[in-house]
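# Results of the structural survey
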Amino acid sequence: MLNELLSKLPTPLQEKTGFPWNEETGNLSILNLGTDKNIYPKISIITPSYNQGQFLEETIRSVLLQNYPNLEYIIIDGGSTDNTVDIIKQYEPWISYWVSEPDNGQAHAINKGLTKATGEIIAYLNSDDYYLPGTLFKVAEHFRQFPDTELLHGICRYVNQEGEKIGEQFGNIHKLEEILDLWDVWWKQRQFVQPEVFWTRRITNKVGLFKEQLNYVMDYEYWLRILNTGGRVGSIHSEFSCFRFTPIQKSNHSEKVAEELLQVVHPILWSNSTKISPQKRLVLQGKWSYQAVFLKQIEISLQTKDSKLIRYLKLFLIILNNPCILLTSDFSNRIKSVLN
């Protein structure tokens, strides 16, 4: 399969794959990977796509050129009007399932893929991101050694639009209270980055599909659900994938992303069934209330040009109704700055 794929691969793209290249034979230098797919767990990769033809070929090749013997690759395109379908058709013999038709957004496309996926291990890879060599074998070996793992992540390489490395991220989250802490964990560079995450079919059977009403943080909400059901997190200190920064991606809308994250965590922080300590719950409720209620009221008061007295009265009422705000260091620091 590799040689057939590579025969159509332009030289610049051969170099960009990052796979070892043998100049004498014109083949990839991949050794001892095995061919008996029965000894490898099936891995299902889903690529949701829409008008990303300029990047899609690299994404597809990064999956197929893993040379993983038990791969199920699914592409769900939302009815692209660029060259996406032409690219998919070039690789149709190696794609397990694909469709190009209008859908209701990214989460809907992922869910359509999940209903087709039959693998023991699942991931989704957006059509402007790509895997690095050997990722699927590392993933399979980890799940073999640590079968209790439900969610696995590695290191994610950040690249620019041209594929040049501009940074990396290695998550550090293992507990429910950590992923719920947007302020001192998720937004402090301890987060998972979507293309580096794999999970098990059994946890999907437990937590269900992605929430299609979410536009920006459907991945975060899914990882949160996994940890909320007691899912164990595993990690490998190795680069799995590349997250490409482009001018048009949704994650650039930082304020909307933050608002949706706050919406997602709110009911969990106030649910008595959430398994975190009472003290941690109060602290996180305070952080949420400070950002989503207290700071929001300041913004509204400034926009409506409330007098200082009216603004302070409104903020005082918010504190009376949300005393957990007093537990936050941001609030304490703000009061100290006002008094000084």
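For the structure, check the block above.
Structural notes, computed from the coordinates. Since the model is a prediction, treat every value here as computed from it, not as a measurement. (Residues numbered from 1 in each chain as written. Predicted model: local features only at pLDDT ≥ 70, side-chain atom pairs only at ≥ 80, totals over all residues. Heavy atoms only, no water.)

### Here we look at the environment of V139
With respect to the helices, strands and loops of the structure, V139 is situated in helix α6 (residues 135–145). Taking the relative accessible area as the measure of exposure, V139 reaches 0% and is therefore buried. Distance in space between the C-alpha atoms of V139 and F240 is 8.9 Å, their sequence separation being 101 residues. When neighbours within four sequence positions are excluded, V139 is seen to be in contact with I43, I121, L152, F198 and F240. (Helix = DSSP H or I, 4+ residues; strand = E, 2+ residues; numbered from the N terminus. Buried < 20%, exposed > 50% of the residue type's maximum accessible area, 1.4 Å probe, protein only. Contact = heavy atoms within 4.5 Å.)

### A look at helix α5 (residues 106–116)
Most of α5 sits out of view: eight of its eleven residues are buried. Of all the positions in α5, only A107, H108, A109, I110, N111, K112, G113 and L114 are classed as buried.

### A word on the pattern of salt bridges
Applying the stated rule across the entire model yields 17 salt bridges. With a closest N to O distance of 3.0 Å, E150 and R202 form a salt bridge. Highlighted residues: E150 in strand β8 (residues 149–159) and R202 in helix α8 (residues 201–207), separated in sequence by 52 residues. Its salt-bridge partner being K287, residue D184 comes within 2.6 Å of it at the nearest N-O pair. (Salt bridge = Lys/Arg side-chain N within 4 Å of Asp/Glu carboxyl O.)

### Remarks on the packing of aromatic side chains
Evaluated as defined, the whole model comprises 23 aromatic pairs. For the ring pair F210 and Y222, a centre distance of 3.9 Å and an interplane angle of 10° mean the geometry is stacked. Placement of F210 in the loop between α8 and α9 (218–228) and of Y222 in helix α9 is noted, with a sequence separation of twelve residues between them. Using a relative accessible area of 0% as the deciding quantity, one classes Y222 as buried. Look at Y290 and F294: their rings are 5.4 Å apart centre to centre, the planes differ by 20°, and that puts the pair in the stacked class. (Phe/Tyr/Trp six-rings, centres within 6.5 Å; stacked < 30°, edge-to-face > 60°.)

### Here we look at the side chain of E57
Mapped onto the elements of the fold, E57 is located in helix α3 (residues 53–64). E57 gets classed as buried once you look at its relative accessible area, which sits at 19%. Here the side chain of E57 touches Y91 through a polar contact of 2.4 Å, side chain to side chain. (Polar contact = N/O pair within 3.5 Å; in protein donor to acceptor, adjacent residues only side chain to side chain.)

### Here we look at the pairing of strand β9 (residues 165–170)
One ladder, built from five bridges, connects β8 with β9; its direction is antiparallel. Residue pairing for β9: V159 is matched across the bridge by K165. In sequence, β8 turns back onto β9 through a hairpin of five residues, with G163 there showing a positive phi of about 90°. (Pairing = 2+ DSSP bridges.)

### Topic: the packing of helix α11 (residues 278–303) against helix α12 (residues 308–321)
It is at 10 Å that the axes of α11 and α12 come closest, and there the two elements cross at 160°. Of the possible angle classes, the one that applies to α11 and α12 is roughly antiparallel. Handedness of the crossing formed by α11 with α12: right-handed. Contact with α11, carried on its side by V293, F294, Q297, I298, S301 and L302, involves R311, K314, L315, I318 and I319 of α12 and no other residues of that element. Classifying every residue of the contact of α11 with α12 gives seven nonpolar, two polar and two charged. (Axes fitted to C-alpha atoms, helices over the stretch in contact; angles between N-to-C directions. Parallel < 35°, antiparallel > 145°, perpendicular 65-115°, else oblique. Left-handed = near helix turned anticlockwise from the far one by under 90°. Nonpolar A, V, L, I, M, F, W, Y, C, P; charged D, E, K, R; others polar.)

### Observations regarding the state of the cysteines
One covalent bond between the sulfur atoms of two cysteine residues makes up a disulfide. Across all of its chains, the model carries zero disulfides by this definition. The structure places no disulfide on C242, whose sulfur is separated from the nearest cysteine sulfur, that of C156, by 7.0 Å. (Disulfide = S-S within 2.5 Å.)

It is worth stressing that arrangement in space is one thing and function is another; only the former is reported here.
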